[in-house]
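Below are the chains, spelled out letter by letter.
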Amino acid sequence: MTDHPRIIERLLALAERLYADTEGFLDQPGQQQLWYDRGYANGMIQALREAGAGERVAARLTPDAQDVAADWAALAWGQAYAHGHAMGLREAREVLGLPVGAANDAGANGG
């Protein structure tokens, strides 16, 4: 795990806030920003797990299933989710000092 516990704490707090703000996103396909933000949170969660903070994540929130947006991947809101996931994963990896381009980046949130 990264040796920056404050960074992990801030990322966890942001993921919690995004989860609260996007609750019920699956019922709102017209709200692409909600889908993007939920994907971003799940990308961050995947990076936190990669950094060894999986137990801390699990203690603070219940992550979505890995394939939560799979049924909508071809639609605009599903694409918004996928883009948010990719950005959240990449940016959290950068902040955590992890390699940015890992092989398992294709939409998984580590759930």
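Cut-offs applied
Residues numbered from 1 in each chain as written. Predicted model: local features only at pLDDT ≥ 70, side-chain atom pairs only at ≥ 80, totals over all residues. Heavy atoms only, no water. Core = buried A, V, L, I, M, F, W, Y, C linked by side-chain atoms within 4.5 Å. Buried < 20%, exposed > 50% of the residue type's maximum accessible area, 1.4 Å probe, protein only. Helix = DSSP H or I, 4+ residues; strand = E, 2+ residues; numbered from the N terminus. pLDDT = per-residue confidence, 0-100. Contact = heavy atoms within 4.5 Å. Phe/Tyr/Trp six-rings, centres within 6.5 Å; stacked < 30°, edge-to-face > 60°. Salt bridge = Lys/Arg side-chain N within 4 Å of Asp/Glu carboxyl O.

1. Topic: the nonpolar core
Here is a general trend for soluble globular proteins: nonpolar side chains tend to be buried in one another's company.
Working step 1: Among the nonpolar cores identified, the biggest contains 21 residues, and Met-44, Leu-48 and Leu-96 are the most heavily contacted of them.
Working step 2: Residue assignment for this core shows that the elements contributing at least two residues are helix 1 (5-21), helix 2 (32-50) and helix 4 (76-96).

2. A short note on the confidence of the model for the protein chain
Working step 1: Looking at the protein chain, the pLDDT average stands at 90 and 88% of residues meet or exceed 70.
Working step 2: Every residue in residues 106-111 is under pLDDT 50, and counting partners more than four places away or in other chains gives 19 contacts.

3. Describing the packing of aromatic side chains
Working step 1: On inspection of all chains with the given rule, the structure shows 4 aromatic pairs.
Working step 2: For the pair Tyr-36 and Tyr-40, a centre-to-centre distance of 6.3 Å together with 35° between the ring planes defines the contact as tilted. Of the two residues, Tyr-36 and Tyr-40 both sit in helix 2, 4 residues apart, roughly one turn of that helix.
Working step 3: Residue Tyr-36 is classed as partly exposed on the basis of its relative accessible area, which comes to 22%.

4. Concerning the pattern of salt bridges
Working step 1: For the structure shown, the criterion picks out 8 salt bridges.
Working step 2: Where Arg-93 meets Glu-50, a salt bridge forms, and the shortest distance between an N and an O atom there is 2.7 Å. Of the two residues, Arg-93 sits in helix 4 while Glu-50 sits in helix 2, which places them 43 residues apart along the sequence.
Working step 3: The shortest N-O distance in the salt bridge between Arg-90 and Glu-94 comes to 3.0 Å. Within this pair, Arg-90 and its partner Glu-94 are both found in helix 4, separated by 4 residues, close to a single helical turn.
Working step 4: Here the residues in one salt-bridge network are Glu-9, Glu-16, Arg-56 and Arg-60, joined through shared partners.

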